[in-house]
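Single-letter residue listing:
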Amino acid sequence: MGRLNGKVIVLSAAAQGIGRAAAIAFAKEGAIVTATDINGEKLKELDSIDGIRTKVVDVTKKDQVESLADEHEHVDVLFNVAGFVHHGSILDCGEEEWDFTMNLNVRSMYLMSKAFLPKMLARGSGNIINMASVASTIKGVVNRCVYSTSKAAVIGLTKSIAADFTEKGIRCNCICPGTVDTPSLKARIQAQPDPEQAFKDFMARQKMHRMCTPEEVAYLCVYLASDESAYVTGTEQIIDGGWTL
């Protein structure tokens, strides 16, 4: 018997990184997982894993989100992962980049939560986990202006949902990682004018002298998705190797 045996879980951004690691960890613990992403080719790699069903969904599109919700009679856990990391200060952030980031990082979570919450409320139980970051209200980070703004909004959204629906059986928490060794991070490092220096800069802020792995974040996801965390709601779960100390 797994820690998540029989729990129905839907998550976004499951094709790679933290989302992929979480989908696999959920399935290993006995959950029935619907893993979504916009990257259909990468997503297919999860099809061979027992307990995982994949579906291409753009979580910024209201019709696709509502269609996804309609496919599920009920959902025990909704994990909102999809996001984008913009590099730069406010002066480097154009209006299009601002709007894109806020749309993907915040509005998608609003759409997903609004679509799935009624199903949870109808059963008197449910669990929403949102991907935030220590780059938010928790810590000011250089060259993360719109990203930090969006993740601060995610923390606010998380606490609002928790406050509004705790007495109706709904829990809502957010995960706030530091630097995680993901394909997204590697791509951002390579996109810098001096990738070697960019990597050194990332490593310089790691107090444990290494980056977090997606699997380590996934362990925290399993805890929050399980009944072991039944008394936990409205929290920011920091997993940053001591960066914010």
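Residues numbered from 1 in each chain as written. Predicted model: local features only at pLDDT ≥ 70, side-chain atom pairs only at ≥ 80, totals over all residues. Heavy atoms only, no water.

Student: Report on a positive patch on the surface, specifying residues and quantitative values.
Tutor: Where like charges cluster on the molecular surface, the positive patch consists of Lys61, Lys62, Arg107 and Lys114. Relative to the assigned elements, lysine 114 resides in helix H4 (residues 95–123). Overall, lysine 114 belongs to the exposed group, its relative accessible area being 54%. (Patch = residues over 30% accessible without salt bridge, like charges linked within 9 Å, V, L, I, M, F, W, Y side chains within 5 Å. Areas by Shrake-Rupley, 256 points an atom, 1.4 Å probe, with all protein chains shown as cover. Salt bridge = Lys/Arg side-chain N within 4 Å of Asp/Glu carboxyl O. Lys, Arg positive; Asp, Glu negative; His and termini not counted. Charge placed at Lys NZ, Arg CZ, Asp CG, Glu CD. Helix = DSSP H or I, 4+ residues; strand = E, 2+ residues; numbered from the N terminus. Buried < 20%, exposed > 50% of the residue type's maximum accessible area, 1.4 Å probe, protein only.)

Student: An account of the packing of helix H6 (residues 183–190) against helix H7 (residues 195–204) is requested, with residue identities and associated values reported.
Tutor: Each pair of packed helices can be described by the angle between their axes along with the distance between the axes. Relative orientation of the contacting elements H6 and H7 amounts to 130°, with a least axis distance of 8 Å. When the interaxial angle is binned, H6 and H7 end up oblique. Across the interface between the two elements, Leu185, Arg188, Ile189 and Gln190 of H6 pack against Pro195, Ala198, Phe199 and Phe202 of H7. Tallied by class, residues from the contact of H6 with H7 come to 6 nonpolar, 1 polar and 1 charged. (Axes fitted to C-alpha atoms, helices over the stretch in contact; angles between N-to-C directions. Parallel < 35°, antiparallel > 145°, perpendicular 65-115°, else oblique. Contact = heavy atoms within 4.5 Å. Nonpolar A, V, L, I, M, F, W, Y, C, P; charged D, E, K, R; others polar.)

Student: Let's hear about the packing of aromatic side chains: which residues, and what values?
Tutor: Applying the stated criterion to the full structure yields 2 aromatic pairs. Measuring from ring centre to ring centre gives 6.2 Å for phenylalanine 26 and phenylalanine 79, while their planes differ by 70°; the resulting arrangement is edge-to-face. Pair noted here: phenylalanine 26 is in helix H1 (residues 17–28) and phenylalanine 79 is in strand S4 (residues 77–80), with a separation of 53 residues, a long-range link. This pair shows no difference in class: phenylalanine 26 is buried, exactly as phenylalanine 79 is. Seen from their ring centres, phenylalanine 84 and phenylalanine 100 are 5.3 Å apart, and the 80° between their planes marks the pair as edge-to-face. Here phenylalanine 84, found in the loop between S4 and H4, pairs with phenylalanine 100, found in helix H4; they are 16 residues apart in sequence, far enough to count as distant. (Phe/Tyr/Trp six-rings, centres within 6.5 Å; stacked < 30°, edge-to-face > 60°.)

Student: Would you mind going over unusual backbone geometry in detail, with residue names and values included?
Tutor: We note that alanine 13 has phi near 50°; this positive angle belongs to a residue other than glycine. Considering the arrangement of structural elements, one finds alanine 13 in the loop between strand S1 (8–11) and H1. The phi torsion at asparagine 143 lies on the positive side, around 60°, for a residue other than glycine. By the element assignment, asparagine 143 lies in the loop between strand S5 (126–131) and helix H5 (145–165). Judged by its relative accessible area of 27%, asparagine 143 falls in the partly exposed class.

Student: So what about a negative patch on the surface? Which residues, and what values?
Tutor: Judged by side-chain charge, Asp92, Glu95, Glu96, Glu97 and Asp99 come together as a negatively charged surface patch. For glutamate 96, the location among the structural elements is in helix H4.

Student: Give a detailed account of the nonpolar core, specifying residues and quantitative values.
Tutor: Counting 49 residues, the largest nonpolar core has Phe26, Val33, Ala35, Phe79, Ile175 and Val217 as the members making the most contacts within it. Sequence-distant contacts of phenylalanine 26, that is, excluding residues within four places in its chain, are made with Leu4, Ile9, Ala31, Val33, Phe79, Cys221, Val222 and Ala225. Formed by 23 residues, the second largest nonpolar core is a distinct cluster that contains Val10, Val59, Ile128 and Ile170. (Core = buried A, V, L, I, M, F, W, Y, C linked by side-chain atoms within 4.5 Å.)

Student: Tell me about the environment of glutamate 73, residues and numbers included.
Tutor: The residue glutamate 73 is located in the loop between helix H3 (62–70) and S4 in this model. On a C-alpha basis, the gap between glutamate 73 and lysine 119 in space is 7.4 Å, while along the polypeptide they are 46 residues apart.

Student: Give a description of helix H8 (residues 214–225) that names residues and reports values.
Tutor: When the terminal C-alpha atoms of H8 are compared, their 16 Å separation across 12 residues agrees well with the 16 Å that a helix rising 1.5 Å per residue should span. Inspection of H8 places Pro214, Val217, Ala218, Leu220, Cys221, Val222, Leu224 and Ala225 among the buried residues, and these make up the whole buried set. Along its buried surface, H8 packs onto S1, H1, S4, S5, strand S6 (170–177) and strand S7 (236–239). (Expected span 1.5 Å × (residues − 1).)

Student: Pulling in residues and values, what's your account of the packing of H1 against H8?
Tutor: Put simply, H1 and H8 touch, their axes get as near as 8 Å, and they point 50° apart. Overall, the two elements H1 and H8 adopt an arrangement that is oblique. Considering how the two elements wind past one another, H1 and H8 form a crossing that is right-handed. The residues of H8 that touch H1, namely those facing Gly17, Ile18, Ala21, Ala22, Ala25 and Phe26, are Pro214, Glu215, Val217, Ala218, Cys221, Val222 and Ala225. Taken together, the residues that form the contact of H1 with H8 break down as 11 nonpolar, 1 polar and 1 charged. (Left-handed = near helix turned anticlockwise from the far one by under 90°.)

The analysis is restricted to geometry; functional conclusions fall outside its scope.
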